[in-house]
Every structure is written in structure tokens, then in C-alpha cells.
Amino acid sequence: MYGNTGKVIHINCTTGKTQILSLEEDVYKKFIGGSGLAAKLFWDYADFDAAPFSEKSVLIFANGPLAGMPLSGTSRMSAVARSPLTGAFAESSCGGYFPPQLRYAGYDGIIITGKCTMPSIIHIAQGSFNIIPSEELWGKTIDEAYSAIKERYGGRSRTLIIGPAGENGVAYACILSDAHHAFGRCGLGAIMGSKNIKAIVIEPHQTIMKYFEEQKVKRLIKELTPRIKEYIISQVLHEFGSAGNLEGHMYTGDVPVKNWTSNFNEEMAEKLTGSTLTEKYLTRTGTCAYCIIACKRIVKVDEGPYSLPEGPGPEYETVAALGCLLGSEDLAAVCKAGRLCNEFGLDTISTGATIAWAMEAFERGDLTEKETGGVPLQWGDMHTVINTIIPSIARKEGPLGHLLAKGSKAAAKTIGRNSINYTAQSKGLEAPMHDPRGGGHGHALAYAVSPRGACHVSTAMHFMETGACNYPEIGFEFDLEALTDEKKPETMVLATAIGSIENSACFCQYADRSLTFAEMVGILNAVTGYNYSLQDALDAGWRIYHLKRLINYRFGLKAGDDALTDRMLEPARDGEPQGIMINFDGMIQHFYELMNLDKVEGIATVDTLHKYGLEQEAALVWQKGK
Amino acid sequence: MGKYYKDTEELYTIYGYFLDNILKDPKIGSKLARAGIVIKFIYTDPDAEITIDLKNPPKKEGYYGTFYLGKCDIEADVWSSQPADHSHRFWHGLENPIAGVAKGIIKQGGKVTAMLKLLPVIKPTFQQFPIVLKEMGREDLIVTK
């Protein structure tokens, strides 16, 4: 086998036993790797009746076949579980340096089941897997735990660590890789915490990657590396980070401001944009393994109430979620809040979105001081956000901490008073910082039909609708208008396949923007020898997408769960998209027709599932459905 | 010769009037000036070259930059090459420049990121460009889609 190794580690935390699973190559051909492989393993190994924090819950990490390859954008992996935030399929992807080391160690993934009897770490080194009691690490921030682990195992070990938020079961706790790269979404950190796993540590391994067409792979790396570097998006990312185009997004109305009540604030955009971050606080860039783009920010704030030592700086999502969404123009405060989320192990999108919802609820009187424990929630009050709100969420302290730790949807259900209407989420996953009303109506469709909930990276719609990619070889040449529904369902059909491929091969969606679809498939083929045609690759993508929907179906989700809230669909009040309606119902109905999704059950028809080789899965769900 | 401009001189006439307005506009021009760069636009069909100098002191009082129609010896910090028709549609707000790059319609080099930062700044000019065309009696060049 090339690229993939055919081996997955299964660690049972209850028994302490480890098993090496051998997978047939056909599994990889069908599901590629990454989130596709993880979804397949989840389907095969999960107890679908297990609650997210149950001892029987399953947490899966999976590499794509390209992990370890010295090409920009290939050093990513996916993680999958049942989300404590949504109760649905949870997936998240992460870059950094952990994925290559897992590959070099000889494995494509890790399945974790059971629960340790005491706080522990999982240690992987030279073919050995140990669960090591590490109670002294529990309660430490991610930075503190990271430093302790490095001191214990050496600077070249790689880590996946949770913070106090994960330990305390915050519904949107994250897992950080080497304290900088995040499995941010869906609460995977809380799953890990529920198993009493503080960290997974992998020692450095040396190996030589095996490629099906070695010379072709080397040639591709040589040819593509400078092209990736020179691509316009790569240059912006390198110089300004992912927040580099905040101003551009603001002008289109793409950035939600003050809990999606506004779509334009010029001054805020200027103060928070990536170039401002570069000018004021950047000390150097960071990157994932082998990546020449180096979009990560390392920042330092020397003075003021939000001073920070050198460390990870905010991504676009963090800037918007902890800045624009909360009504703050203070970039230092945003950096501080983002760092704090990193240290506690909190998803910055869900943190910002949940606090923003709470701020509006407080303003409206739907959330009272009694329910906040006396904490006032004011727009732009970053002092309270940083010193009180975020810590209380991470620690689940006080009535406010307990309430907001649930996430905005669950918190709104607790508060009632129709406050669910001004959450911005789908399936319970808070929407990323791209407002479909301004960024493009196709985003609305993407948020609704993404298996994990509101998400702009599970599918390729975000990039397709904004003109960042062009795939004439598979029938997509950009001619979309953002603020209409025209061609959006058709685009979404392709987007689901492309996104599934990207997240399963584990391409970075920044780096692969400079590649054609044919080139992406060509890389896969050169590494794996699977000889995918373009259609084969698309079919793999759709297969994976449909499987994820089947997983959700087994969790009780149906067509009606592919929905958005009132706030996300009501006409924008200002900015470029002011007053324009989204034809959401029309888009999703048409998408369902195109994808052969049952309009009640929300899963593909039997014939469609058979078309993608999901016969056994079809038999199970449709039998169960009856 | 393209779809919109019969020759280079016609392009220069229209773009000259348009850029003159932009560079003396206090709101837009002042923001452009902050970029502090020299931008060279290279057009094909018809072939043309326009340089916008936002780095050196403006040659005219009340302006925030200087533009040059035709070949120019000022060293550019960034350049962009595209069909004149595409540029014409861009100034109507009908073309996505990122998509233009992705499709290979736009080529560029130099300090590309500095130029990209100007995209939000020039967005208000998309409404001005059709007005300019109308003022010049060229409603025939106004594009709506």
C-alpha cells in the first residue's frame, strides 16, 4: 500500500489494551482517508446509542494518504466523534506537525474507546502505545501542559492536548496540536476530556514515504511548490494571515457584526484586519509541516491591559468571532481573548458566537442578571469577556458559565423567550464568520446541508462562491453572483464532493486553491496508485458525504434538521446586502432533488446509495427507517 | 480592439477622466495614498498601460496621487495585466478579481498583497464609473451584467 499504511491503532482506555487494525485497500479507495476514513471507521465501530460523554463513545483521528509528503498543504488530519454540542456527526481538521509523525510511525489513524480511570496521556513511540497516568497535568492550561510534556518527552515530540474546557465538558471544547493548531469545532476536546485523556503524545519517527509513482511525486512537488507560493491567496495568507481580507469581507457584508445584527462597520474592519495585526503585533509567522505558505501568526502585545507574551495569534475566524461579533474594535483585546481560548481549549467561533448571542439576549432583557450571576453583558466589553466570561465558560463556573458552556442553541433553549431565533447556528453548531446574506447565498445552503452543522469548510462552496477556485474540467467555471440563488444548488452538488475529497485526502483548503481539480486527483493517484478518474474521485467524495448523512440519520437527524435560524435568513439591516432576501427554501429543495435525498428522511435514496457502493449501509438505514 | 474600446486612445480618455476623479476624491484618494505604492496596469485589446503613483508626492495640488497614461518609466511596485474588457467590467463591479486570477484572466506580480488591500477602498468607485461614462456621453459603454 502506498500513501496510506493500512493500519489503525485502536486504544481501549477502559482496559488499557491496544489493537492494531488492518484495513483492506478497498476501504481507502472508497473513503480516501481523513474524514472519509474516520466516518467509515465510526460507522463500523461506534455505538450509535452512546451519548457523547458515554464510556462507549468513540473518538477517531485519521490521516489522509498525503500526510508526511513534503508538499504545502498536505500536513492535516481529521477527527470524528459524536458531538456534545450538536448530538450529531462531529468532524474537525487540524494542521501542524502531528499528522506526519503519525504517518511516519506507520499508522493512518487512532480509534479511542472507553475511559481511563484517572487523567492520563496516550504515548506513542516506536511501536509501543501506553496509557500513562498523568494526574499532575489535569487542570493545566494547554500551554502549561504542553511545556510539561515537552520537558518530559523532549522538544521533538508532537502533541494533541485539551485544556480545562475539555476536562470540564464544555460543549465546544477543542483539541490543540502543539498548542497552536486546532481541532476546533464540534466539541471534540470535551469527548477527549470525558475519557480522561489530557493528551496524545507521539515521539518523532523516521521513515521514508512510499509513493506509487515516486518520480512523478517528486516532480509534482518541485512544480507545484513555487506555484502554491506565488498564488495570490497564498501571498495574502503569508503576509497578513487568514484575517488578511477582513476588510474585503466587510465590504461585501460577509462579516457578521454584533451577533449578526449588522453587516458593515468600516472602522472596525480597518482596526481588526490582518494587515493591522501584521503591522502592530506580528513577530514572526508559523506554519504546518512542509508548508511554504506559513499563514499562522505569532504575535506579541507589549503594552496595555491586554499585553501578551509571544505566542499564537488569531485567525480570521477568531478576529471576527471575538471582535466583530462582540462589537469590539480592540485588536489587542481580540488577541488576548483568542489566546485565552487557546489556553483553555475553547473553539473561538462557538465561544464568540455564544457570547454574542448572550450579549444580545441581555440587551433585550431575555437574559437577566439573575441568570448571568450578576455579570453584565455589554457589546464591546472585552474586559468582562476576557476576565470573567471566557474563564467562567471554560471552568463551568457560576450560572453564566454553566449556561454558555452548552453552546448558543442549548443556552437559548434553556432561556427560552424565543431567543433561539437570534442564534446563528445549524444543528447546534455555531456558524463561522461568513454571513450568507453578504458573503453569498450559497453559504446558507452549505451551512444547512453540511453534516456537522453550520460549516464553510466541509464543502467547497465558500471558495467556489467567492471565486477563489475554478474547475472547468468538472464543469465549474466561476460565473456566480453572490447575492442570488442562481446556480447555487448545482454548485453545492459539486461542492459536497470536492469538500469531502479535500477533507479526506486532507488537503489544506488554502494551499489547494492554486491547484486544479485534476491536479488534486493526480497527486492522489501518484501517491496511492488508486488511478482515480475525475469521476471516480467525485464519486468518492459523494460517497463520503452520503455516509456522513447516514451517520446523522442514525443519530436521529432528518431533513428538517438541515435548517437555519431566523437571524441567518432575515434580510440584512445594512451594508451591501441590505434588504436582500435569501431563497433558502428554493435552494435546499432543489439541492435535495439533485442529490436524490429523501425530503423527509434527509438521506439518499436506496438507489443512490447503491450507486455509491453503500449497499450494506442502505439496507441498515432504510430497514431501520421502516 | 475589444468589445468596449475601439482603440487605446479611447481607453485613455475614459480612464483618465475616471482616475482624475478618484485621485482627488478626499475619501477614496486619501485611503489610496496610504498604500504608498506604484501600480502598473497593463491592458490588452486594446493594448494600453496606465501607471498610478501613490508613492511619490502628487504632481497636482489637491490630488492624492498621480496617474500616467501610456508607457511610464517609474518603477512599479506591483503590476496587473488583463484584457481591457475585463477591466472595464471590473470597474462596474461585475468581475471578481480573485476569480479572474483563478481563471488565469488576470496576471500580476510584485507587491500583490498591497494592491489587494486596495480592493475594499475602490469598491465605492464601482458606482462612480457608470456615472463617469454617462458624464462623458458614453452611456453605450455602461454594463449592467
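Quick summary incoming for the structure in this document. Residue positions are counted from 1 within each chain, in the order its sequence is given. Whichever chain is written first becomes A and whichever ligand is written first becomes 1, with later ones labelled in order. Two thresholds apply to this predicted model, a pLDDT of at least 70 for residue-level local features and 80 or more for giving and counting side-chain atom pairs, whereas whole-chain, interface and lining totals are computed over all residues. Remark: hydrogens and water are excluded; side-chain values derive from all non-hydrogen atoms of the structure.

### Digging into the overall build of chain B
Part 1 of the argument: Only runs of H or I of at least four residues qualify as helices and only runs of E of at least two qualify as strands under DSSP, and these elements are numbered from the N terminus. The helix and strand tally for chain B stands at seven helices and five strands.
Part 2 of the argument: Reading the helices (α) and strands (β) of chain B from amino to carboxyl end gives α-α-β-β-β-β-α-α-β-α-α-α.
Part 3 of the argument: A radius of gyration in this sense is built from C-alpha atoms; the matching globule rule multiplies 2.2 Å by the number of residues raised to 0.38. At 14 Å, chain B has a C-alpha radius of gyration in line with the 15 Å of a compact globule built from 145 residues.
Part 4 of the argument: In terms of overall dimensions, chain B has a C-alpha envelope of 35 × 35 × 25 Å along the principal axes.
Part 5 of the argument: Using a 1.4 Å probe on the protein chains alone, a residue whose accessible area is under 20% of its type maximum counts as buried, one over 50% counts as exposed, and one in between counts as partly exposed. For chain B, the residues scored as buried account for 51% of the 145 residues in total.
Part 6 of the argument: Long-range pairs, those at least 24 residues apart, make up 68% of the contacts in chain B with a sequence separation of at least 6.
Part 7 of the argument: Only the protein chains shown count as cover for residues, and all accessible areas are computed by the Shrake-Rupley method using a 1.4 Å probe. For chain B, the exposed surface amounts to about 6900 Å²; the carbon and sulfur share of it is 53%.
Part 8 of the argument: By the counting scheme adopted, Arg and Lys are positive, Glu and Asp are negative, and His together with the chain ends is not counted. Where a charge lies is defined by one atom per residue type, namely NZ (Lys), CZ (Arg), CG (Asp) and CD (Glu). Each charge sign in chain B was given a centre, from 20 positive and 18 negative side chains, and these centres are 8 Å apart. Throughout, a residue-residue contact means that at least one pair of heavy atoms, one from each residue, lies within 4.5 Å.

### Description of the packing of helix α7 (residues 214-230) of chain A against helix α23 (residues 517-528) of chain A
Residues and elements named next belong to chain A.
Part 1 of the argument: As a packed pair, α7 and α23 sit with axes 10 Å apart at the nearest point and diverge in direction by 150 degrees. Classified by chirality, the crossing of α23 by α7 is left-handed. Taken together, the residues of α23 that come into contact with α7 (itself represented by Lys216, Val217, Leu220, Leu224 and Arg227) are Glu519, Gly522, Ile523, Ala526 and Val527. Inter-axis angles, ranging from 0 to 180 degrees, are taken between N-to-C directions of lines fitted to C-alpha atoms, where helices are fitted over the stretch in contact. Here a crossing is called left-handed whenever its near helix is offset anticlockwise from the far helix by less than a right angle, and right-handed whenever the offset is clockwise.

### Things to note about the interface of chain A and chain B
Part 1 of the argument: Each partner contributes to the interface: chain A provides 24 residues, whereas chain B provides 18 residues.
Part 2 of the argument: Of the roughly 1700 Å² buried at the junction of chain A and chain B (both faces included), carbon and sulfur atoms supply 59%.
Part 3 of the argument: Buried area is calculated as the accessible area (1.4 Å probe) missing from two parts once they are joined, with the contributions of both summed. Per-residue buried area on chain A facing chain B is highest for Ile232, Tyr251 and Phe478 of chain A; these three make up 30% of the total on that side.
Part 4 of the argument: Salt bridge criterion: a side-chain nitrogen from Lys or Arg within 4 Å of a carboxyl oxygen from Asp or Glu. Counting the contacts that link chain A with chain B gives three salt bridges.
Part 5 of the argument: A salt bridge links Lys31 of chain B to Glu266 of chain A; its shortest N-O distance comes to 2.1 Å.
Part 6 of the argument: Polar contact is defined as a pair of N or O atoms within 3.5 Å, subject to the rule that within protein one atom must be able to donate a hydrogen and the other to accept it, and that residues adjacent in sequence are counted only when both atoms are side-chain atoms. Where chain A packs against chain B, one counts seven residue pairs in polar contact (both at pLDDT 80 or more).

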